[in-house]
Amino acid sequence: MTIHFSAVGLVVADLDRSFACYRVLGLDLPTEAPEAPHFEVTLPGGLRLMWDTVESVRSFDPEFEPSSGGGAALAFDCGSPEAVDETLAALVEAGCTSTKAPWDAFWGQRYASAIDPDGHGLDLFAALPG
């Protein structure tokens, strides 16, 4: 048997609202969420990112309660320090909440953090010059 990491799943209250944030991060998502309560995309490299509505998860786990976030975060390389700042501003405009303003980290990256409307962490980074 061979096991390999294949997908990341997000449980969200509103697919449209979530898609607005993830489109800012370059994901090719429909402008209107599908009628189905599950949607997924395959990212370059084959990893899948999946969305399920709270109602969808409760259809097979009636006791399910969404977490308040604070666990794992999805990290996005923005390509340049300036793009970190621009991307964070665009995420806030799309409905995310900034949790750490852009800063120059001691490990050599411009870094910022946000949470999406459902509390999932988003880390933004880019290598600093030099």
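All values derive from a computational prediction rather than experimental measurement.

This part covers the overall build of the chain. When helices and strands are tallied, the chain shows three helices and seven strands. Secondary structure elements of the chain, listed N to C terminal, follow the sequence β-α-β-β-α-β-α-β-β-β. The buried share of the chain, reckoned over its 130 residues, is 37%. Within the chain, contacts between residues at least 6 apart in sequence are counted, and of these 50% link residues at least 24 apart. Surface summary for the chain: the accessible area is close to 7700 Å², and the carbon and sulfur share equals 55%. The centroid of the 6 positive side-chain charges in the chain is displaced by 4 Å from the centroid of its 20 negative side-chain charges.

The next thing to look at is the pairing of strand 5 (residues 97-104). Pairing of strand 5 with strand 6 (residues 109-115), which is carried by five bridges, proceeds in the antiparallel orientation. Within strand 6, the position partnered with Lys-100 by the bridge is Ser-113. Adjacent in sequence and paired antiparallel, strand 5 and strand 6 are bridged by four residues, among which Gly-108 carries a positive phi angle near 95°.

Across the chain, the average pLDDT comes to 92, with 98% of residues at 70 or higher. Between the elements of the chain, mean pLDDT differs from a low of 91, seen in helix 2 (residues 54-58), to a high of 97, seen in helix 3 (residues 81-93).

Let us look at the packing of aromatic side chains. Throughout the structure, instances matching the rule amount to eight aromatic pairs. Ring plane angle 85° and centroid distance 5.5 Å describe the contact between Trp-103 and Trp-107, whose orientation is recorded as edge-to-face. With a relative accessible area of 43%, Trp-107 lands in the partly exposed category. The ring of Trp-103 carries Lys-100 above its face, with NZ or CZ at 5.0 Å from the centroid.

In space, the four strands of this open sheet follow the order 4-7-6-5, with mixed pairing throughout. The open sheet has two free edges, formed respectively by strand 4 (73-77) and strand 5, since each of these has just one partner strand. Averaged over all neighbouring strand pairs, the angle between strand axes comes to 15°, with direction disregarded.

About the cut-offs
Residues numbered from 1 in each chain as written. Predicted model: local features only at pLDDT ≥ 70, side-chain atom pairs only at ≥ 80, totals over all residues. Heavy atoms only, no water. Helix = DSSP H or I, 4+ residues; strand = E, 2+ residues; numbered from the N terminus. Buried < 20%, exposed > 50% of the residue type's maximum accessible area, 1.4 Å probe, protein only. Contact = heavy atoms within 4.5 Å. Areas by Shrake-Rupley, 256 points an atom, 1.4 Å probe, with all protein chains shown as cover. Lys, Arg positive; Asp, Glu negative; His and termini not counted. Charge placed at Lys NZ, Arg CZ, Asp CG, Glu CD. Pairing = 2+ DSSP bridges. pLDDT = per-residue confidence, 0-100. Phe/Tyr/Trp six-rings, centres within 6.5 Å; stacked < 30°, edge-to-face > 60°. Lys NZ or Arg CZ within 6 Å of the ring centre and 35° of its normal. Axes fitted to C-alpha atoms, helices over the stretch in contact; angles between N-to-C directions.

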